[in-house]
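One-letter residues, chain by chain:
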Amino acid sequence: MRRSGILFVSVFGGIRALNGGNMVLKNKNIILVPLRSEHLERSRQWVNDRSLWPLILRSGHVSKTDQRKWYRNIQKDPQKLVFAICHGPERRHVGNTGFYERNDIHRRAKFWIFLGDKDFWGQGVGSIAARMMLDYGFRCLNFEKIYLEVSVQNVRAIRLYRKYGFRREGILRKHYRIRGKWFDAYVMSLFRKKFKAH
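On a predicted model such as this, the values are computed, not experimentally measured, just so you know.

1. What to know about the pattern of salt bridges
- Within this structure, the stated rule accounts for 12 salt bridges.
- The residue E38 makes a salt bridge to R36 at a minimum N-O spacing of 2.8 Å.
- On the basis of relative accessible area, E38 is assigned to the exposed category, the value being 52%.
- A salt bridge links D104 to R102, with the nearest nitrogen and oxygen atoms 2.7 Å apart.
- The exposure class of R102 is buried, given its relative accessible area of 12%.
- Here the residues in one salt-bridge network are R42, R92, D117 and D119, joined through shared partners.

Structural data, given as structure tokens:
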């Protein structure tokens, strides 16, 4: 089905997704596919970039064993849905995004997105991928509320979230300790009626 320029394609088999099948989300040059094992090493290299830790709220090195455990966890956990962000006809893996803490009773989930390939920073890829996920969450998964945590230092991400209608609910002071320093995080939320699907 197609909504707001996004093609939602149900792909059954392979990795188990929350809706009972796998979803592939397509929009022009960007496609979101369920995270697979071939995406793990590239993802691990991105999150091990220490210069990014204060921005993405990471606090330590991720080993190959850690990464495999995380992957097994998201496959088993019905509250988690994770996509690889791929670009172009060659489907170059440039980042990851997903929903955690999905709750169908309260119709909410925690959103996150990470564009790890710096060659694609500033090109609108993260913005489009975020819109695709938010559109999917509200229109297909029937969420009423999507929320997130973001480092107060991550000005680029905060600007993106505000673009789509997220607003601050509060601040978590000294909530993350990264390389011996304390960092604050904003809690932001977006409700279905406030979603600005540009």
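Read on, since the account is not over.
2. Examining the nonpolar core
- Ranked by internal contacts, the top residues of the largest apolar core, which has 37 residues, are L32, F99, F111 and Y161.
- If you tally residues by element for this core, the top one is helix α4 (residues 125-140), at 8 residues.
- Y161 has contacts with F111, I113, L148, V150, F166 and M188, leaving out every residue within four places of it along the chain.
- In this structure, L40, Y71, I74 and C86 belong to the second largest nonpolar core, which totals 10 residues.

3. Regarding the packing of helix α1 (residues 40-47) against helix α3 (residues 64-76)
- Closest axis-to-axis distance for the α1/α3 pair is 10 Å, and the angle between their directions is 115°. The hand of the α1/α3 crossing is right-handed. Facing L40, E41, S43 and R44 of α1, the residues of α3 in contact are K64, Q67, W70 and Y71.

4. Some thoughts on the packing of aromatic side chains
- Taken as a whole and judged by the stated rule, the model has 9 aromatic pairs.
- Taken together, the ring pairs in this structure connect F99, F111, F143, Y161 and F166 into an aromatic cluster.
- K80 extends its terminal NZ or CZ atom over the ring of Y100, reaching a point 4.9 Å from the ring centre.

Rules used in this analysis
- Each chain carries its own residue numbering, running from 1 in the direction its sequence is written.
- A pLDDT threshold of at least 70 governs which residues receive local features in this predicted model, and a stricter bar of 80 or more applies before side-chain atom pairs are shown or counted, although totals over entire chains, interfaces and linings include all residues.
- Calculation of side-chain values draws on the structure's entire complement of heavy atoms; hydrogens and water are dropped beforehand.
- Think of a salt bridge as a Lys or Arg side-chain nitrogen and an Asp or Glu carboxyl oxygen that are within 4 Å of each other.
- Each residue's exposure class comes from its accessible area (1.4 Å probe, protein chains only) as a fraction of the maximum for that residue type: buried when under 20%, exposed when over 50%, partly exposed otherwise.
- By nonpolar core we mean a set of buried residues, namely Ala, Val, Leu, Ile, Met, Phe, Trp, Tyr and Cys, connected to one another through side-chain atoms within 4.5 Å.
- Per the convention used, a helix needs a DSSP run of H or I reaching at least four residues, while a strand needs a run of E reaching at least two, with both numbered from the N terminus.
- Two residues qualify as a contact provided that any one of their heavy atoms is within 4.5 Å of a heavy atom in the partner residue.
- Axis definition: a line fit to C-alpha positions, over the contact stretch in the case of helices; interaxial angles, taken between N-to-C directions, run 0 to 180 degrees.
- By the definition used in this description, the sense in which the near helix is turned from the far one sets the handedness, with an anticlockwise turn below a right angle giving left-handed and a clockwise turn giving right-handed.
- Any two rings among Phe, Tyr and Trp, with Trp reduced to its six-membered ring, count as a pair given centres within 6.5 Å; such a pair is stacked if its planes are under 30 degrees apart, edge-to-face if over 60, and tilted if neither.
- By definition here, charges over rings are those cases where NZ of Lys or CZ of Arg is within 6 Å of the ring centre and within 35 degrees of the ring normal.

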